[in-house]
Structures are given as structure tokens and as C-alpha cells.
Amino acid sequence: MGDIDGWANIHHDILKEIAKHLYSYDDFIQLRLVCKQWSLKLPEISSKILWLLVPESFSNYFSEDDEGSYHLMQRIADEVRLDIQSLDEAKIHHLNLPEMQNKLIRGSFGEWLIVLDIYQGSMCMLNAFTKVRLDLPPISTFPDIIDYNPNNYGLEYTVRDLGDDDMDDYHEPSSYINCIHVWKVIINSCPINDNEDFMAVAIYGLRRTLAFYKPNDKRWLDLSTRKQAFDDVIFFGEKIYAVEEGGQLYEFDTNTKSGPVGGIHEAKPPSDAAVGLYQLKYLVGCANGSLLMLVRHFTIRESRTYKFDIYELKKNAKEWSRLDSLKNYIVMIGFNSSVQILPASIQTKGNQIYFTDNLLNLQSWDYAEYQDIGIFDLDDGSYQRVLSDVKFMCPPVWCYSSSLL
């Protein structure tokens, strides 16, 4: 008993020195669980803050040798520059995610990740902290996939262009379709444990159209928006809102038995909203009931973000108005479900846009590239680049507790 008491009463500085050599989130949690005294002495690595989930390395990302290792970057706003080699200084912690090798992340909401297997074409939701997994229908069940034959090597998928009735069906290899067919997936709420009470919407296919899923469905449901190319989609106020590349808003009611019903919103696109290959639009639902449309501008040569335009559609309004400020809020955009958060929740200032890279139509699907990640300050138009000199196969994604919303 004396020896046990001795370990429990180990000096605080010695225990902190031991903890410095643990960079695995899971190992650190186990260290805190050794006894009550150690739990009190060691700081908690909280999931109730903003994290940036970063693949460990592009060089071994598609390796089957070991479990997928990711970095969790904590409180990135406090850092001038993040260096994935300086783990202590940058407050980076490893998170071992099960079966993450050969996977791509195509969405996140709270602590939940939307994960896609590039070899199997399967899809699932994975909780980054609890490791709970919920399956989603595979890529082969999207409305434009007519047939999937894994034995037809090199031409496994038969695809139909739903926006062109005169075009013949065509074949594509799984190595291509599994990497580029799904642009983004969002969910309306964070499932609790294995409770599958949620809905999902995907932007998919060459034309970037919409598909809907609810638990127990075997396939993705077409939302009949076949000729529109969508940039973003969100759940907000028991409805689905989507914005296409030209700035037109779409609205769907989810309180129907047969699936979402809706179409073009009566609000026309903002008259001065930029349209083109080097602009992306995002939707954000606000606490006051308004919708925001963010237009993200990229440089032509390097595809780097250099400015944002912001528009607001007030509740029950029919016209967008331009905004110069987010006031006391920040917004987060990228592969994550676009959200608005109070800055006090993540210990930073307001009027900022946290962005990650999801400009898939300008990126290669088969080799690592530099990613456009950072924080844009609307007060002075400045921006802080994050990990600008590191290449990734899979873009980093924001991860946070749903309690922040």
C-alpha cells in the first residue's frame, strides 16, 4: 500500500515531465485515469474547444502498415505559426483513429467525421474522440451510379449523367470515382452514442448535385437538382439550404414522410456576387434566424484565399444585403458543416473567418498538395496562414464539441 500511495503522491513536476513525452491523446487520457490524484494534477486535453484535425504525413497516408495517425491542433489562434514538428510548443496531440489509412474525410460536424474509403467506396461517420462508428450508404448507392461491379477491374462503376438525358451511360474506374465523386457531406445533429437519429445531405457527382439520407435507408435519395452545381449545403431551422455556384439559394423542408421537398428560394442571388471558377460560396445559419452567404475569393495562380464577401438574408426577407462585419462572431468553413460560433468559446476574438481547403475542382486527386488553411480577420483584411508549407493528400478539417454551437 505504501508503494501505491507513493506513486499517487508523485511530485507534480515529475508527473508533468512524464506527460511531456506522451503525444497520443489516448495515452494521455489513460495516464490521467491511473488514479484520482494524477487526474487532478494533470491538465485535461479538452474536446470542448476548437481543434484542427491534420493527417500525419502525406508520404505514408496511403499505407496499410499501421493505424491512421492524426494530429489534433489546439487553440490555433494563439499561435503565430504552427509547425507539426514542434509538438510541445504548438500544443499538438496525436489522435489514433481506427482504420483511417486509405481514407478521406469529406465532412465534419462537431466531433463527428464523414469518412470515405478510397479502395472500397464505403462511407461512415466516425466520432474522433469516442471512436463510435455509424455506417452510411456506399458511393455505389448514389442516384447517378447505375451499376457497380468490383470484378470489372478498371471500369467498376457505370455512371449516368442525370443532367443530360441524351448522354449515354459511361464507365469509370473505382480508383477515380472513390476519390472525387463525393464533394462534401453534412449532418443535421450529432448522434449520441449509437443513436442514429440524424439526417445527412451530400454534394456529389460531376455536376455537384444533392442527395439525401436518413437512417435505415439503403441508398442516397436524389433531391432533383440535377442541373445545378452546388458549392455548399447546411441544415438550419429544420430545413435544408443549399447555394449553387451562381449564388442562387435553394430551400427544402425536412418535415415530410417522403423526404425533403422544395426547390429554388424566392430570394435572387446578390446582384454583385462574384461568379467563377475561383470563387466558392458558403452558407451559415445565425443565432438570430438569418442566413449568411460567404463568397470566398482565390488567387488564380496559387488558389489561395485573399478576400471574402459577406451577404445576409434576414428571416422572412426576400433580398440579400451586404455586410462588412461578423460583429462578435466567428464562422468556420471548409469540409466542416459551416457554422457560427461565439469567440469566447475558443478563446479568440470575433469578426474572423476560420477556413480550410475544400476547392476540390482545382486539386489533384492522386497526389499530395499544399492546402489553403488559415484565419481571415475582417477588421483589417489580414489573414494568418496555417501549415502553408506542408503537403497533404486529405485536407485538414475543423473538429469541435457540439456544445460550442
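What counts, and at which threshold
Residues numbered from 1 in each chain as written. Predicted model: local features only at pLDDT ≥ 70, side-chain atom pairs only at ≥ 80, totals over all residues. Heavy atoms only, no water. Helix = DSSP H or I, 4+ residues; strand = E, 2+ residues; numbered from the N terminus. Buried < 20%, exposed > 50% of the residue type's maximum accessible area, 1.4 Å probe, protein only. Areas by Shrake-Rupley, 256 points an atom, 1.4 Å probe, with all protein chains shown as cover. Pairing = 2+ DSSP bridges. Axes fitted to C-alpha atoms, helices over the stretch in contact; angles between N-to-C directions. Phe/Tyr/Trp six-rings, centres within 6.5 Å; stacked < 30°, edge-to-face > 60°. pLDDT = per-residue confidence, 0-100. Contact = heavy atoms within 4.5 Å. Salt bridge = Lys/Arg side-chain N within 4 Å of Asp/Glu carboxyl O. Polar contact = N/O pair within 3.5 Å; in protein donor to acceptor, adjacent residues only side chain to side chain. Core = buried A, V, L, I, M, F, W, Y, C linked by side-chain atoms within 4.5 Å. Domains from an automatic or database assignment.

J.: Where do I start with the overall build of the protein chain in this structure?
T.: Per the secondary structure count, the protein chain includes five helices and 30 strands. Residues counted as buried form 54% of the 405 residues belonging to the protein chain. When the accessible surface of the protein chain is totalled, it reaches about 18,800 Å², and 47% of it is carbon and sulfur.

J.: What exactly am I supposed to notice about the sheet that holds strand β9 (residues 157-159) here?
T.: Each strand in a sheet pairs with its neighbour through backbone hydrogen bonds, running either in the same direction (parallel) or in the opposite one (antiparallel). In space, the three strands of this open sheet follow the order β8-β9-β10, with antiparallel pairing throughout. The open sheet is flanked by β8 (145-148) and β10 (170-172), the only strands paired with a single partner. Taking each pair of neighbouring strands and ignoring which way they run, the sheet shows an average axis angle of 30 degrees. Across three bridges, the pairing between β9 and β10 is antiparallel. Residue pairing across strands places tyrosine 157 opposite glutamate 172, the latter belonging to β10.

J.: What's the story with the packing of aromatic side chains in this structure? I'm lost.
T.: Summed over all chains, the structure comprises eleven aromatic pairs. Arranged with centres 5.0 Å apart and planes meeting at 5 degrees, the rings of phenylalanine 142 and tryptophan 220 form a pair that is stacked. Placement of the pair is phenylalanine 142 in the loop between β7 (133-136) and β8 and tryptophan 220 in the loop between β13 (209-213) and β14 (221-222), with a sequence separation of 78 residues. For the residue pair phenylalanine 142 and tryptophan 220, the accessibility class agrees, reading buried in each case. Summarising the aromatic geometry, the rings of phenylalanine 198 and tyrosine 213 are spaced 6.2 Å apart at their centres and angled 50 degrees between planes, so their arrangement reads as tilted. Of the two residues, phenylalanine 198 is situated in the loop between β11 (182-187) and β12 (200-204) and tyrosine 213 in strand β13; the sequence distance between them amounts to 15 residues. For tyrosine 213, a relative accessible area of 4% puts it in the buried group. Grouping aromatic residues by their ring pairs yields a cluster made of Phe142, Phe198, Tyr204, Tyr213 and Trp220.

J.: In this structure, what is going on with the confidence of the model for the protein chain? I would like to understand it.
T.: Should pLDDT be low for a region, the predicted coordinates there are not to be read in detail. For the protein chain, mean pLDDT is 79; residues scoring 70 or higher make up 77% of the total. Under a pLDDT of 50 for its full length, residues 75-92 has, in the predicted model, 45 contacts with residues more than four places off or in other chains.

J.: What's the story with the pattern of salt bridges in this structure? I'm lost.
T.: Where charged atoms from two side chains of opposite charge approach closely, those side chains can pair. Taken as a whole and judged by the stated rule, the model has 16 salt bridges. As a salt-bridge pair, aspartate 377 and lysine 349 come within 3.2 Å of each other at their nearest N and O atoms. Of this pair, aspartate 377 sits in strand β27 (residues 374-377) while lysine 349 sits in the loop between β24 (339-341) and β25 (352-355), and the two are 28 residues apart along the sequence. In this structure lysine 349 comes out as partly exposed when scored by relative accessible area, which is 34%. Connected via shared salt-bridge partners are Arg208, Asp231 and Glu245.

J.: Teacher, can you tell me more about the pairing of strand β20 (residues 291-298) here?
T.: In regular strands, side chains alternate between the two faces of the sheet. Counting buried positions along β20 gives eight out of eight residues, so the element sits mostly inside the fold. Of the two faces of β20, both are covered, the one formed by Leu291, Met293, Val295 and His297 as well as the one formed by Leu292, Leu294, Arg296 and Phe298. Looking at chain direction, strand β19 (residues 279-285) and β20 are connected through seven bridges and run antiparallel. Note on β20: the bridge partner recorded for glutamine 279 is histidine 297. Between β19 and β20, which pair antiparallel in sequence order, lie five residues; one of them, glycine 289, sits at a positive phi of approximately 95 degrees.

J.: Got a minute to help me understand unusual backbone geometry in this structure?
T.: Most peptide bonds adopt trans geometry, and most residues besides glycine take a negative phi value. One non-glycine residue, arginine 208, lies in positive phi territory at about 55 degrees. Residue position: arginine 208 is located in the loop between β12 and β13. With phi around 65 degrees, glutamate 238 is a residue other than glycine that occupies positive phi space. Locating glutamate 238 in the fold gives a position in the loop between β15 (230-236) and β16 (239-244).

J.: I tried to follow the sheet that holds β20 on my own but got confused; where do I start?
T.: Taken in spatial order, the four strands line up as β19-β20-β21-β22 in an open sheet, and their pairing is antiparallel. Looking at strand neighbours, the two that pair on one side only are β19 and β22 (321-323), the edges of this open sheet. This sheet shows a mean twist of 30 degrees between the axes of neighbouring strands, independent of strand direction. Bridge count for β20 against strand β21 (residues 305-313) is eight bridges, and the pairing is antiparallel. Its bridge partner being in β21, arginine 296 is matched across the sheet by phenylalanine 308.

J.: Hey, could you run me through the side chain of aspartate 309 in this one?
T.: Assignment of secondary structure puts aspartate 309 in strand β21. One polar contact links aspartate 309 to histidine 297, side chain to side chain, over a distance of 2.7 Å. Of note is the side chain of aspartate 309, whose polar atom sits 2.6 Å from the side chain of arginine 322.

J.: Help me understand the nonpolar core in this model?
T.: Nonpolar side chains in soluble globular proteins generally cluster together in the buried interior. Within the largest apolar cluster, 58 residues are counted, with the highest numbers of intra-cluster contacts made by Met123, Phe142 and Trp220. By residue number, the principal contributor to this core is strand β5 (residues 112-117), which donates five residues. Mapped onto the domain boundaries, this core takes at least three residues apiece from domain 2 (98-224) and domain 3 (274-404). Ignoring sequence-local partners within four residues, the contact set of phenylalanine 142 consists of Met123, His181, Val182, Ala202, Tyr204, Ala211, Arg219 and Trp220.

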